[in-house]
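Coordinate inspection notes
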Amino acid sequence: MALGRDFFDRPVLEVAPALIGATLLFAGAGGPIVEVEAYDETDPASHSFRGPTPRNAVMFGPPGHAYVYKIYGIHYCLNFVCRPGSAVLIRALRPEAGLAAMHARRGGLPEKLLCSGPGRLAQALGIDLMQNGLPLDRAPFAVLAAEAAPAVATGTRIGITRGVETPWRFVLAGSPFLSRPLPPGRPAS
């Protein structure tokens, strides 16, 4: 079942863990989401913390749209907009569909490394700034509900300097496709 805009019209901390196990497809390539991070307007690590700007305007628009931005001048990151000022960063997925295209875009890397990190994921799927603001419930995107409730573990987010202690990273427990493993002893829920 495709996830509609009403799925995303909720608090980001409800949406983020619910995306673990959901399938993300972009132009037919993708797979189950195994790692995400939540961000909202109260979070000093969020792009929305200081209010709307031309770069983050999509975060303040309707839920269920893609927020794509470029980091370090080279990598694109895909986020799913929830309520205004909040979004879920898609950090990793298990590649299943469109493997030939993903391998071609990523230089033939092993499947474990194709989509294990937000920059790698965007490159493997062929996502760039042209997709910023596109609805997630229409082609070229498809986001499909997980078939069963997976075991989700939590941890702190990666690569930020503010709000580092906030445990808003959600992962599929035990997945080998994560961008970085959780520290030992993190229980799944």
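Residues numbered from 1 in each chain as written. Predicted model: local features only at pLDDT ≥ 70, side-chain atom pairs only at ≥ 80, totals over all residues. Heavy atoms only, no water.

When its secondary structure is counted, the chain shows five helices and eight strands. Listed by position from the N terminus, the elements making up the chain come as α-α-β-β-β-β-β-α-α-α-β-β-β. Taking 189 residues into account, the globule formula puts the C-alpha radius of gyration at 16 Å, and the chain, at 15 Å, falls close to it. Expressed as lengths along the three principal axes of its C-alpha atoms, the size of the chain is roughly 40 × 40 × 35 Å. The buried share of the chain, taken over its 189 residues, is 48%. Taking contacts inside the chain between residues at least 6 apart in sequence as the whole, the part at least 24 apart equals 59%. Only carbon and sulfur atoms are counted for the fraction: they give 59% of the accessible area of the chain, which is about 8500 Å². (Helix = DSSP H or I, 4+ residues; strand = E, 2+ residues; numbered from the N terminus. Rg over C-alpha atoms; globule rule 2.2 N^0.38 Å. Buried < 20%, exposed > 50% of the residue type's maximum accessible area, 1.4 Å probe, protein only. Contact = heavy atoms within 4.5 Å. Areas by Shrake-Rupley, 256 points an atom, 1.4 Å probe, with all protein chains shown as cover.)

Consecutive side chains along a regular strand alternate between the two faces of the sheet. With burial as the criterion, only one face of strand E6 (residues 141–144) is covered, namely that bearing Phe 141 and Val 143; the residues Ala 142 and Leu 144 on the opposite face remain uncovered. Taken together, the four bridges between strand E1 (residues 23–26) and E6 define a ladder with antiparallel strand orientation. Across the sheet, the residue bridging to Leu 25 is Ala 142, located in E6. (Pairing = 2+ DSSP bridges.)

Right, let's talk about the environment of Arg 157 for a bit. Residue placement: Arg 157 occurs in the loop between strand E7 (152–155) and strand E8 (169–172). When its relative accessible area of 5% is taken as the criterion, Arg 157 is described as buried. Spatially, the C-alpha atom of Arg 157 lies 16 Å from that of Ile 33, the residues being 124 residues apart in sequence. Polar contacts involving the side chain of Arg 157 include one to the main-chain carbonyl oxygen of Ala 38, which spans 3.0 Å. (Polar contact = N/O pair within 3.5 Å; in protein donor to acceptor, adjacent residues only side chain to side chain.)

What follows deals with helix H5 (residues 118–125). Each turn of an α-helix holds 3.6 residues, which means side chains three or four residues apart point in the same direction. Burial analysis of H5 places six of its eight residues in the buried class, which makes it a mostly covered element. Along H5, the residues that are buried comprise Pro 118, Gly 119, Leu 121, Ala 122, Ala 124 and Leu 125. Elements in contact with the buried residues of H5: E1, strand E2 (29–39), strand E4 (75–81), strand E5 (87–93), helix H3 (99–105) and helix H4 (111–114). Gly 126 occupies a position one or two residues after H5 and carries a positive phi of about 80°.

So, about the nonpolar core. Grouped together as the largest cluster of nonpolar side chains are 45 residues, with contacts concentrated most on Leu 19, Leu 24, Leu 78, Phe 80 and Ile 90. Among all residues touching Phe 80, those that are not within four sequence positions of it are Phe 8, Leu 19, Leu 24, Ile 33, His 65, Ser 86, Ala 87, Val 88, Ile 90, Leu 136 and Val 143. Core analysis: the next-biggest nonpolar cluster, separate from the first, contains ten residues, Tyr 39, Met 59, Tyr 69 and Val 81 among them. (Core = buried A, V, L, I, M, F, W, Y, C linked by side-chain atoms within 4.5 Å.)

Turning to the side chain of Arg 169, a few remarks are in order. On the secondary structure map, Arg 169 appears in strand E8. Accessibility expressed as a relative area gives 2% for Arg 169, which makes it buried. Here Arg 180 takes part through its backbone oxygen, which lies 2.2 Å from a polar atom of the side chain of Arg 169.

To continue, consider the pattern of salt bridges. Across all of its chains, the model carries seven salt bridges by this definition. Between Arg 169 and Glu 35 there is a salt bridge, with its nearest N and O atoms 2.8 Å apart. With Arg 169 in strand E8 and Glu 35 in strand E2, this residue pair connects regions lying 134 residues apart in the sequence. For Glu 35, a relative accessible area of 0% puts it in the buried group. Residue Arg 94 is joined to Glu 96 by a salt bridge in which the shortest nitrogen-to-oxygen separation is 2.5 Å. (Salt bridge = Lys/Arg side-chain N within 4 Å of Asp/Glu carboxyl O.)

Of all seven residues making up E4, five are buried, and the element is well covered by its neighbours. Relative to E4, strand E3 (residues 66–71) is paired through six bridges, and the arrangement is antiparallel. Note on E4: the bridge partner recorded for Lys 70 is Tyr 76. What sits between E3 and E4 in their antiparallel hairpin is a turn of three residues, with Tyr 72 showing a positive phi close to 55°. With three bridges joining them, E4 and E5 adopt antiparallel strand pairing. Within E5, the residue paired with Asn 79 across the bridge is Leu 89. Between the end of E4 and the start of E5, which pair antiparallel, lie five residues, with Gly 85 showing a positive phi angle near 85°.

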